[in-house]
Amino acid sequence: MEIIMAFVIGFLFMAAVYLILSKSLLRIIIGTGLLSHGAHLLILTMGGLGGEAPPVLKEGAKTFADPLPQALILTAIVISFGVTAFFLVLAYRSYQELETDDISLMRGSDEDE
């Protein structure tokens, strides 16, 4: 299962880097979202997949699953949701002001100063 997850994570990172390097602001935001999802899957995979142990230690249970990767991913999901929402609002506001989402057209000139 880890091999399949490694390919999925690699594909997510590849697509995210491709989108981040584009000139469209919306593609960059989608790329950062894909990058965060790839990082979440990477943390989950490195924490260990599967297992029959319960996540919480019960009476009489000798083994238990490590809850730290799930807690880290839950925190990272909340943070990435907030960052993505901020990026979307920032992109919308810049589109309202500049009437373009092309990064190369958003550059200021020396005449503006």
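Model, not experiment: these values are computed from the prediction. The residue count restarts for each chain, going from 1 along the sequence in the order it is written. Selection of residues for local features in this predicted model requires a pLDDT of at least 70, selection of side-chain atom pairs for listing and counting requires 80 or more, and totals for whole chains, interfaces and linings are taken over all residues. As a rule here, side-chain values come from all non-hydrogen atoms in the structure, and water together with hydrogens is ignored.

Turning our eyes to something else, we now look at the packing of aromatic side chains. Stacked, edge-to-face and tilted are the three classes for Phe, Tyr and Trp ring pairs, Trp counted by its six-membered ring, which pair at centre distances within 6.5 Å; planes under 30 degrees apart are stacked, over 60 edge-to-face, the rest tilted. In the structure shown here, the tally under the stated rule is one aromatic pair. Between the aromatic rings of Phe86 and Phe87, the centroid separation amounts to 6.3 Å while the plane-to-plane angle is 40°, which identifies the pairing as tilted. Each residue's exposure class comes from its accessible area (1.4 Å probe, protein chains only) as a fraction of the maximum for that residue type: buried when under 20%, exposed when over 50%, partly exposed otherwise. For Phe86, a relative accessible area of 53% gives the class exposed. Since its relative accessible area comes to 31%, Phe87 is described here as partly exposed.

This brings us to helix α2 (residues 25-46). A helix here means a DSSP run of H or I that spans at least four residues, while a strand means a run of E at least two residues long, and both kinds are numbered starting from the N terminus. Expected span of a helix, by definition, is 1.5 Å for each gap between consecutive residues, and there is one gap fewer than residues. Here α2 spans 32 Å end to end across 22 residues, near enough to the 32 Å set by a 1.5 Å rise per residue. Listed in full, the buried residues belonging to α2 are Leu25, Ile29, Gly31, Gly33, Ser36, Gly38, His40 and Thr45. Where α2 terminates, the next one or two residues include Gly48, which has phi positive at roughly 105°.

What counts as a salt bridge is simple: a side-chain nitrogen of Lys or Arg found within 4 Å of a carboxyl oxygen of Asp or Glu. In the structure shown here, the tally under the stated rule is one salt bridge. The partner of Arg93 in a salt bridge is Glu97, and the shortest N-O contact between them spans 3.1 Å. One end of the pair is Arg93 and the other is Glu97, both in helix α3 (residues 68-98) and four residues apart, which spans about a single turn. Taking relative accessible area as the criterion, Glu97 reaches 53% and is therefore assigned exposed.

Quick look at unusual backbone geometry now. The phi angle at Glu99 is positive, at roughly 60°, despite the residue not being glycine. Relative to the helices and strands, Glu99 is located in the segment after α3. The class for Glu99 is exposed, based on a relative accessible area of 66%.

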